[in-house]
Structures are given as structure tokens and as C-alpha cells.
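Tertiary structure, described
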Amino acid sequence: MTNLLLSASFAERFTLNFIKEDRWKYIVDGLGVTLTITIFAVIIGIVLGMLVAIVRSTYEKTGKLWLFDKICRVYLTVIRGTPVVVQLLIIYFIIFGSVKIDKIVVAIIAFGINSGAYVAEIFRAGIMSIDNGQFEAGRSLGFNYAQTMFYIVMPQAFKNVLPALGNELIVLLKETSVSGYIALQDLTKGGDIIRSRTFDAFFPLIAVALIYLTIVMILTKLVELLERRLRNSDH
Amino acid sequence: MTTNSAELNKDTPLIKVENLVKSFGNFNALDNISTQIQKGEVVVIIGPSGSGKSTFLRCLNRLEEPTGGKIYFEGVDITDKHTNINKHRQRMGMVFQHFNLFPHMTIMKNLTIAPIKLQGISQEEAEKKAQSLLDRVGLGDRKNSYPGQLSGGQKQRIAIVRSLCMNPDVMLFDEPTSALDPEMVGEVLEVMRDLAKQQMTMAIVTHEMNFAKEVASRVIFMDDGKIIEENTPAEFFKNPKSDRAKLFLSKII
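Now for a description of the structure that goes with this document. Only a predicted model underlies this, so the values are computations on that prediction, with no experimental measurement involved.

Scanning chain B from terminus to terminus reveals nine helices and 10 strands. Taking 2.2 N^0.38 as the reference for a compact globule, 253 residues should give roughly 18 Å; the C-alpha atoms of chain B span a radius of gyration of 18 Å, in line with that estimate. Dimensions of chain B, computed from C-alpha atoms along their principal axes, come out at roughly 50 × 45 × 40 Å. Across the 253 residues in chain B, those meeting the buried criterion constitute 55%. Within chain B, contacts between residues at least 6 apart in sequence are counted, and of these 66% link residues at least 24 apart. Counting every atom, chain B has about 11,200 Å² of accessible surface; 46% of that belongs to carbon and sulfur. Averaging the coordinates of the 32 positive side-chain charges in chain B and doing the same for the 31 negative ones gives two points 2 Å apart.

A separate point is the overall build of chain A. Across its full length, chain A holds 10 helices and zero strands. Computed over C-alpha atoms, the radius of gyration of chain A comes to 22 Å, more than 25% over the 18 Å expected from 2.2 N^0.38 for 235 residues, which places it beyond the range of a compact globule. Projecting the C-alpha coordinates of chain A onto the three principal axes gives extents of approximately 75 × 50 × 25 Å. Long-range pairs, those at least 24 residues apart, make up 76% of the contacts in chain A with a sequence separation of at least 6. Accessible surface, chain A: about 12,400 Å² in total, of which carbon and sulfur atoms supply 68%. Of the side chains in chain A, 23 bear a positive and 18 a negative charge, and the two mean positions are spaced by 3 Å.

Let's shift gears to a nonpolar patch on the surface. Residue and element names in this part refer to chain A. A cluster of nonpolar side chains, contributed by Leu35, Ile39, Phe40, Ile43, Val47 and Leu51, occupies part of the molecular surface with about 550 Å² of accessible area. Inspection of the secondary structure puts Val47 in helix α3 (residues 24–62). With relative accessibility at 49%, the residue Val47 sits in the partly exposed group.

Right, let's talk about unusual backbone geometry for a bit. Excluding glycine, a negative phi dihedral is what most residues carry, and trans is how most peptide bonds are arranged. Residues and elements named next belong to chain A. With a phi angle near 50 degrees, Asp22 is a residue other than glycine that sits in the positive phi range. Residue placement: Asp22 occurs in the loop between α2 (10–19) and α3. Of note, the phi angle at Leu65 is positive, near 60 degrees, even though the residue is not glycine. Tracing the backbone through its elements, the reader meets Leu65 in the loop between α3 and α4 (66–81).

Next up on the list: the sheet that holds strand β5 (residues 76–77) of chain B. All names here are of chain B. Taken in spatial order, the four strands of this open sheet run β2-β1-β4-β5, and their pairing is antiparallel. Two strands lie at the open edges of the sheet, namely β2 (27–37) and β5, each paired on one side alone. Pairing of strand β1 (residues 15–24) with β2, which is carried by seven bridges, proceeds in the antiparallel orientation. Residue pairing in the sheet places Ile15 in a bridge with Ile37 of β2. Taken strand by strand, helix α1 (residues 53–60) contacts β1, β2 and β4 (68–73), and its axis lies near 120 degrees from that of β1.

Let's shift gears to the pairing of β1(B). Residue and element names in this part refer to chain B. Linkage of β1 to β2, two consecutive antiparallel strands, is achieved through a turn of two residues, within which Gly25 is found at a positive phi near 65 degrees. Relative to β4, β1 runs antiparallel, the two sharing five bridges. Bridge assignment links Val17 to a residue of β4, and that residue is Ile71.

A word on the sheet that holds strand β8 (residues 201–205) of chain B. Residues and elements named next belong to chain B. Here we have six strands laid out as an open sheet, ordered β6-β7-β8-β3-β9-β10, and mixed in their pairing. Both edges of this open sheet fall to β6 (92–95) and β10 (226–231), since each of them pairs with a single strand only. Neighbouring strand axes in the sheet, compared pairwise and without regard to direction, differ in orientation by 15 degrees on average. Here strand β3 (residues 42–46) pairs with strand β9 (residues 218–223) via four bridges, running parallel. Looking at the pairing, Ile46 lines up with Phe221 of β9. Contacts from α1 reach β3, β6, β7 (170–174), β8 and β9, with the element oriented near 150 degrees to β7. Contacts from helix α9 (residues 243–252) reach β3, β9 and β10, with the element oriented near 100 degrees to β9.

What follows deals with the packing of α4(A) against helix α6 (residues 103–129) of chain A. Residue and element names in this part refer to chain A. Closest axis-to-axis distance for the α4/α6 pair is 9 Å, and the angle between their directions is 115 degrees. Judged by the twist between their axes, the crossing of α4 over α6 is left-handed. Where α4 abuts α6, its residues Tyr75, Leu76, Ile79 and Arg80 lie against Ile113, Asn114, Gly116, Ala117, Tyr118, Ala120 and Glu121.

It is worth spelling out the interface of chain A and chain B at this point. The parts lose accessible area when they come together, and the size of an interface is often stated as this lost area. Taken residue by residue, the interface counts 20 residues in chain A and 24 residues in chain B. Roughly 1,900 Å² of surface becomes buried between chain A and chain B when both sides are summed, with 62% attributable to carbon and sulfur atoms. On inspection of chain A and its partner chain B, the count reaches one salt bridge. Among the ionic pairs, Arg58(B) bridges to Glu136(A), the shortest N-O distance being 2.6 Å. The tally of links between chain A and chain B comes to six residue pairs in polar contact (both at pLDDT 80 or more). Secondary-structure elements contributing two or more residues to the side of chain A that touches chain B are α7 (132–141) and α8 (145–175) of chain A.

Thresholds, definitions, all that
- Residues numbered from 1 in each chain as written.
- Chains lettered and ligands numbered in written order.
- Predicted model: local features only at pLDDT ≥ 70, side-chain atom pairs only at ≥ 80, totals over all residues.
- Heavy atoms only, no water.
- Helix = DSSP H or I, 4+ residues; strand = E, 2+ residues; numbered from the N terminus.
- Rg over C-alpha atoms; globule rule 2.2 N^0.38 Å.
- Buried < 20%, exposed > 50% of the residue type's maximum accessible area, 1.4 Å probe, protein only.
- Contact = heavy atoms within 4.5 Å.
- Areas by Shrake-Rupley, 256 points an atom, 1.4 Å probe, with all protein chains shown as cover.
- Lys, Arg positive; Asp, Glu negative; His and termini not counted.
- Charge placed at Lys NZ, Arg CZ, Asp CG, Glu CD.
- Patch = residues over 30% accessible without salt bridge, like charges linked within 9 Å, V, L, I, M, F, W, Y side chains within 5 Å.
- Salt bridge = Lys/Arg side-chain N within 4 Å of Asp/Glu carboxyl O.
- Pairing = 2+ DSSP bridges.
- Axes fitted to C-alpha atoms, helices over the stretch in contact; angles between N-to-C directions.
- Left-handed = near helix turned anticlockwise from the far one by under 90°.
- Buried area = accessible area lost by both parts, 1.4 Å probe.
- Polar contact = N/O pair within 3.5 Å; in protein donor to acceptor, adjacent residues only side chain to side chain.

In C-alpha cells:
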């Protein structure tokens, strides 16, 4: 069998893996699933991360929100202390075990909650990196705590952590490749299904790898562009 | 609380400080301070480093939370926990040693964000006022610059204008020229001198003794968290009464 495949021409193998029986659909549909999970998980992650970061830095600055800070710490410890695959499996088989729910939604929730923990620490580092004088200037003008955070501290913090956030986005995109554990057909799973049908590992897996690589390169470029735009005020 | 701002007459001090205490752990940064600032006064606070002068100034708008005592601003006890300090801070401008301009905003945005968001003034009106104040300090052409493009002296003049845009009743200056290159000190003092001429009430922590002599209506000399001496600048600099003040003046002049 292997010899047969090796002796087959490049074009024949390409046809076998992607054209025959419309196998390219596994790749395209999988890519759609991967992107859907990533995009919605990023949104959940950023919102959750920002909230946790604000709670934690408020506690560090003022001593307020003690209870919320404790809850956030537990969340960070648990999420960062366990593998994302295990979290995904727990959320699918235990938390939503007896509920009929779309697997994509489960994956979005799992990866969103996971990413939130990392984004929270990124944002917290960003908030703490802003000079306290900025905070005092805002308060001295009459802004309350929340307004000072929103108008003055967060925009500067966001700019400082953009490279780290871009990195987290890239990591998240690649981490969704374990979605196959709950039988979701994402990009990785799609490629693997083709491999199991055609017994050719090279074409489907290299194709999958190249697609991830391309998306990551595009994302990197986009983050760079955004960084350059936000850096306008630094001269 | 029977007084309100409507009942304020000319004799009510703009700021009245009663037995103000601020401690950090066991250390008393401010030890039972009492004084008053009248409308139109320029009070210069001097003293050796660590004497508590900056802490005192920062307590006046509660950037530093007092440990004890009372501060009345326009007749209202602002140390009362139920007072909305944000409202009162709008009427107390503050200028910092390190300017603390908002680096992510243009100069015009720095000047107009607080009036627009806090006082509900239209953008057009806020910009008009900011522009006229910018012109007054000689920086009318820098409204579209970012703080990072300005010199220290220019930044501090902008910081003063940022406070003025809120129409404050008093301006607090916390060592406004200490972080500046020597040749830029003059331009900032010039703006402050101008404000004094227009009867702006000011409390200034500074090491610029000549400026204090010239502009102050009163000098407060502090050491070890206490007010040691309070007098007109002419009297204070010529005939300091306390030994501590004599020593201090002999070292710096």
C-alpha cells in the first residue's frame, strides 16, 4: 500500500486527498469551525479578562473588592493550573453532560473561559504599568475611579499590552486544534479524517499546517498594523 | 452642617484646615495642622524635604486620605465620608511635579476631556475656552501635538491650562518646577505669576524662594509635619522667628 502511494504521482495523490469524494470539504468546513470557535472565544476571553483585571488591580490599588479578588484568584489558579483539553472535556462531559447543546458552543465557552485567565493577567500587567500620576491626574480633575480607568488608564494599558494580546490570540487559535477530543470537526480533525480515509498522511497534515501558518501570519500582520496606528502618539 | 455655599460671605475662608493629621503606619507625616486660605490669597508652602508639605497639599483635595482632622472647602467638610469628593475636586485644580499629561491624547483632548465629560460643556465651547487659554500661555499652535512632542516647560504650562479649563476656585501646585531644566523654570513661573495677578487663589509647594518672595501673600514654613511659622514673605525671609526656619534659610540662600 505504502509503496503504491509512493509510486503514485503528485497530482494523483493530490486528487485522492482533496478532490475525490469532495474531501476538500473536510478542510474548508473544519477551517470554518476553527475560526468560529476562535473568534467567539477571543471575545469572551477579552471581556472576561478585562473584568478580572479591573477587579484585581482595583483590589491591589485600593484594597476594595476583596471578595471578588479572591474569586478571581481561584479562577486564575484553576484555569492556568489545568490543561485546556481537560477543561474542554470537563465542560462537555460533566457540566453540559446531561444537556443537549451544540458542541461548537461548548468549545467556545471552554476556550473563552480558558483564554480569559491569560488575558486577565496580560491586562493586569498593563494597568499596573501605567504610572500612578496618570491616575492621580484623572482623579484630581474630578473623574471618579471608573471614569479614570475608562478614559485614562485602560486606553494606555491596552496599547502597552497589544503585542502580548496578539500572542494570546495566536496561541488560542492553535489551541482550538484539540476540539477533536469532543468530536468536533475542526481544521485539525478534518485533516485527520482525510488521512484515515486515504492512508496518506503527508498531504492532509501538511495542508492543515500550512493553513494554520497562513492565518497566524495574517494575524501577526494585523496586530502589527494596529500597533503602529496606536503608536501615533509616541514621538 | 448649617453652612452652605450660598451663605458664604467674604470672611469665610475658601479652605479651612482643622487639626489635620496624616500618618503612614507609626510615622506622622502631618501632625495636627490648622490653617486657612482666603479667597485670592497666594500661599507658598516651604520647608525641608520630608517636612510634609506635599502631603499637606495632597490632603487638601484628598488625593491623600487624611487620618484625622477636618478640611472645609467653600464651607463644606470634604473629609466627611458622605461628601462627593469628585464634585469638589472639579473646583480645585492641581498641578503635579511630573505634569501627568495624558500621553495618548492630543493637547486639545487633554484640555477638553474633563470639561466635556464632567461639566457637560459642548465640545465647541470647551475647545474655544481651551484655545483662548492656550493662546494666553503662548502655546496656541500646539493644540494638535501630543504631550511627548513638547518640552518640560511646555508640558507644565499645558498642565496648568488643563486645570484652568475646569474654572477652579483654587489651584494647588505640587513642586511645579522641580522636574524642569533650569532654563524652563521661568516660563512656568511666568504663567503662575500671571494667575496671581488675576486674583486666582493658589497654594504652592515650591523651592523657588525668589518666586515666593515676589508672589506670595503668605508663606507657610513646615517641618516634621507641623507648621512652624506663618508670615508675610517680607517678614519671613527678613526676620524668621524660629531657629528651624533660620537654619533652613541659611542653607538655601
